[in-house]
Amino acid sequence: MSEMVPNSTKETVVIKDKSTGPWLDAWRGFRKNKVALVGAGIVLFFIFLAIWGPFFAPQGINDQLLKDRLKPPSSMYWFGTDDFGRDIFSRIIHGARISLGVGFFSVIGSVVVGSILGIVAGYYGKWVDTIISRIFDIMLAFPSILLAIAVVSVLGPSLRNALIAIAIINVPNFGRLIRSKVLSIKEEEYITSAKAIGMRDVRILFSHILPNSMAPVIVAGTLAIASAIIEAAALGFLGLGAQAPAPEWGKMLADARMYLRNAPWTMIFPGLAIMLTVLGFNLMGDGLRDALDPRMKN
């Protein structure tokens, strides 16, 4: 049998594999979305404020100078002062850590609990799916903010209880999202093959089904952080979230509502902080959705 011997005189052509994987492809698609990059820039800016901002704040969050109360924005007080003479700029910087912390940790809790319930419901089905799905339906029957108010009213007003309430009201959203993905993935051939070779259910769930369900969860989680920040501000505004003298943005709005006519800056700047943070997460979430969902690509 003759054997083909490569001709050493000819140039060898090396063809590189340009396949990069879905996550790197998603990153490249995300980089092309200028609006999403703007949103990511806004988010990174507020994350920087939350981590390092308090070290550069010109005043302490509770430093009171009554002779300078309700001072308008100036070179000394960039965002003016509140009714206790506290520097609003410094309080907004410190408040970024509170608002972003509530947003991140509440969504992480929602994702963990919702993913576990959604995976169990979608994979096992039957009466397990029925019970979990009905629980989700009951929770979704209530407006989210009313359910959060009810939870905080039972647990007591505090920042920690507000975080727990926001996490609870978002569990059904992630649970139903994961459940729908599991229902489609568990019918794939590689899942059937894993069952055929005797792989345990726990390994199938966490090694095959969960990793392939994470793309929509990442998108939904990014958008949920924006909603959680608004819900935390709403609870703070109602006096059910962070308590005085914590510089939480919603609480700052509540404290400043009586001075809207005489000192509008006391409400404008905390409101802008909430608006920009939520806008950043929404823009970034939309960009992630376009990058991770193949149906959104041209």
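Calculation rules
Per-chain numbering applies: the sequence of each chain, read as written, is numbered from 1 onward. Residue-level local features of this predicted model are given only where pLDDT is at least 70; pairs of side-chain atoms are given and counted only at 80 or more, and the full residue set underlies all totals for whole chains, interfaces and linings. The basis for every side-chain value is the complete set of non-hydrogen atoms in the structure, without hydrogens or water. Fitted lines through C-alpha atoms give the axes, limited to the stretch in contact for helices. The angle between two N-to-C directions lies from 0 to 180 degrees. Each helix corresponds to a stretch of at least 4 residues labelled H or I by DSSP, and each strand to a stretch of at least 2 residues labelled E; elements are numbered beginning at the N terminus. Any angle from 65 to 115 degrees is called roughly perpendicular, while one under 35 is roughly parallel, one over 145 is roughly antiparallel, and all others are oblique. What makes a crossing left-handed is the near helix being turned counterclockwise from the far one by less than a right angle; a clockwise turn instead makes it right-handed. The contact rule is simple, with two residues in contact once any of their heavy atoms fall within 4.5 Å. Between the rings of Phe, Tyr and Trp (Trp by its six-membered ring), a pair exists once the centres lie within 6.5 Å; its type follows the angle of the planes, with under 30 degrees stacked, over 60 edge-to-face, and the other angles tilted. Any Lys or Arg side-chain nitrogen found within 4 Å of a carboxyl oxygen on Asp or Glu counts as a salt bridge. Residue burial is assigned from relative accessible area. The probe radius is 1.4 Å, only protein chains are included, and a residue is buried under 20% of its type maximum, exposed over 50%, and partly exposed in between. Working rule for helices: expected span equals 1.5 Å times residues minus one. One fitted axis covers the seven residues ending at a residue, a second covers the seven starting there, and the bend at that residue is the angle between these axes. Scored between 0 and 100, pLDDT is the confidence that the predictor attaches to each residue. Exposure above 30% relative accessible area and the lack of any salt bridge qualify a residue for a patch; like charges then connect within 9 Å, and the nonpolar side chains Val, Leu, Ile, Met, Phe, Trp and Tyr within 5 Å. Note that accessible areas follow from Shrake-Rupley with a 1.4 Å probe, and for residues the cover is restricted to the protein chains shown. Only Asp, Glu, Lys and Arg are considered charged, only Ala, Val, Leu, Ile, Met, Phe, Trp, Tyr, Cys and Pro nonpolar, and every remaining residue, Gly among them, polar.

### Remarks on the packing of helix α10 (residues 249-256) against helix α11 (residues 265-292)
In step 1: Between α10 and α11, the shortest axis-to-axis distance is 9 Å and the interhelical angle comes to 155°. Overall, the two elements α10 and α11 adopt an arrangement that is roughly antiparallel. In this structure, α10 meets α11 at a crossing whose hand is left-handed. Counted together, W249, G250, M252, L253 and A256 of α10 and T266, M267, P270, G271, A273, I274 and T277 of α11 form the full contact between these two elements.

### A short note on the packing of aromatic side chains
In step 1: Going through the model one piece at a time under the given rule, you end up with eight aromatic pairs.
In step 2: Aromatic pair W78 and F89: ring centres 5.1 Å apart, planes at 45°, arrangement tilted. You can see W78 sitting in the loop between α2 (34-56) and α3 (88-124) and its partner F89 sitting in helix α3, a full eleven residues away along the chain.
In step 3: Look at F79 and F269: their rings are 4.2 Å apart centre to centre, the planes differ by 0°, and that puts the pair in the stacked class. In this pair, F79 is assigned in the loop between α2 and α3 and F269 in helix α11, connecting sequence segments 190 residues apart.

### A few points about the pattern of salt bridges
In step 1: According to the stated counting rule, one finds six salt bridges in the structure shown.
In step 2: In this structure, the salt-bridge partner of D68 is K67, at a minimum N-O distance of 3.6 Å.
In step 3: Using a relative accessible area of 65% as the deciding quantity, one classes K67 as exposed.
In step 4: Here R86 ties to D82 by a salt bridge, and the two come within 2.8 Å at their closest N and O atoms. Exposure class is identical for R86 and D82. Each is buried.

### Describing helix α6 (residues 159-185)
In step 1: The terminal C-alpha atoms of α6, which comprises 27 residues, lie 38 Å apart, in line with the 39 Å expected from a rise of 1.5 Å per residue.
In step 2: In the structure, α6 departs most strongly from a straight axis at N170, where the bend amounts to approximately 35° and where the proline P172 lies between one and four residues downstream.

### Description of the side chain of N161
In step 1: With respect to the secondary-structure elements, N161 resides in helix α6.
In step 2: Discounting residues that sit within four places of it in the chain, N161 has contacts with V152, L155 and G156.

### Quick look at the confidence of the model for the chain
In step 1: On average, residues of the chain score 83 in pLDDT, and 90% of them are at 70 or above.
In step 2: Confidence drops under pLDDT 50 across residues 1-5; counting only partners more than four residues distant or on other chains, this segment forms zero contacts.
In step 3: This stretch, residues 8-19, has a pLDDT under 50; its non-local contacts, to residues over four places away or in other chains, come to zero contacts.

### Observations regarding α2
In step 1: The sharpest bend along α2 reaches about 50° and sits at A50, with the proline P54 one to four residues further on.
In step 2: A36, G39, A40, I42, V43, F46, L49, A50 and G53 are the residues of α2 that are buried.

### Thoughts on a nonpolar patch on the surface
In step 1: Where nonpolar side chains cluster on the molecular surface, the patch consists of F104, F105, I108, V112, V113, I116 and L117 and spans about 590 Å² of accessible area.
In step 2: Turning to its location among the elements, I108 is positioned in helix α3.
In step 3: Given a relative accessible area of 46%, I108 falls into the partly exposed group.

### Digging into the packing of helix α7 (residues 189-196) against helix α8 (residues 201-209)
In step 1: Put simply, α7 and α8 touch, their axes get as near as 11 Å, and they point 150° apart. In this view, α7 runs roughly antiparallel relative to α8, as classed from their interaxial angle. When the axes of α7 and α8 are compared, the crossing they make is right-handed. Each of Y190, I191, A194 and K195 in α7 lies in contact with α8, whose residues at this interface are I204, H208 and I209.
In step 2: For the contact of α7 with α8, the residue count by class is five nonpolar, one polar and one charged.

### A look at unusual backbone geometry
In step 1: Looking along the chain, the bond that leaves A244 and enters P245 is cis, with omega of 5°.
In step 2: Along the chain, the position of P245 falls in the loop between α9 (214-237) and α10.
In step 3: The phi angle at L70 is positive, at roughly 55°, despite the residue not being glycine.
In step 4: Within the element layout of this structure, L70 appears in the loop between α2 and α3.

### Things to note about the environment of Q59
In step 1: With respect to the element layout, Q59 can be found in the loop between α2 and α3.
In step 2: Residues Q59 and R91, spaced 32 residues apart in sequence, show a C-alpha to C-alpha distance of 8.3 Å.
In step 3: With near-sequence residues (within four places) excluded, Q59 lies in contact with D87, S90 and H94.

### Re the environment of I268
In step 1: Its place among the elements puts I268 in helix α11.
In step 2: Relative accessible area serves as the criterion here: at 43%, I268 is assigned to the partly exposed category.
In step 3: For the pair formed by I268 and L253, sequence separation is 15 residues and the distance between their alpha carbons is 8.5 Å.

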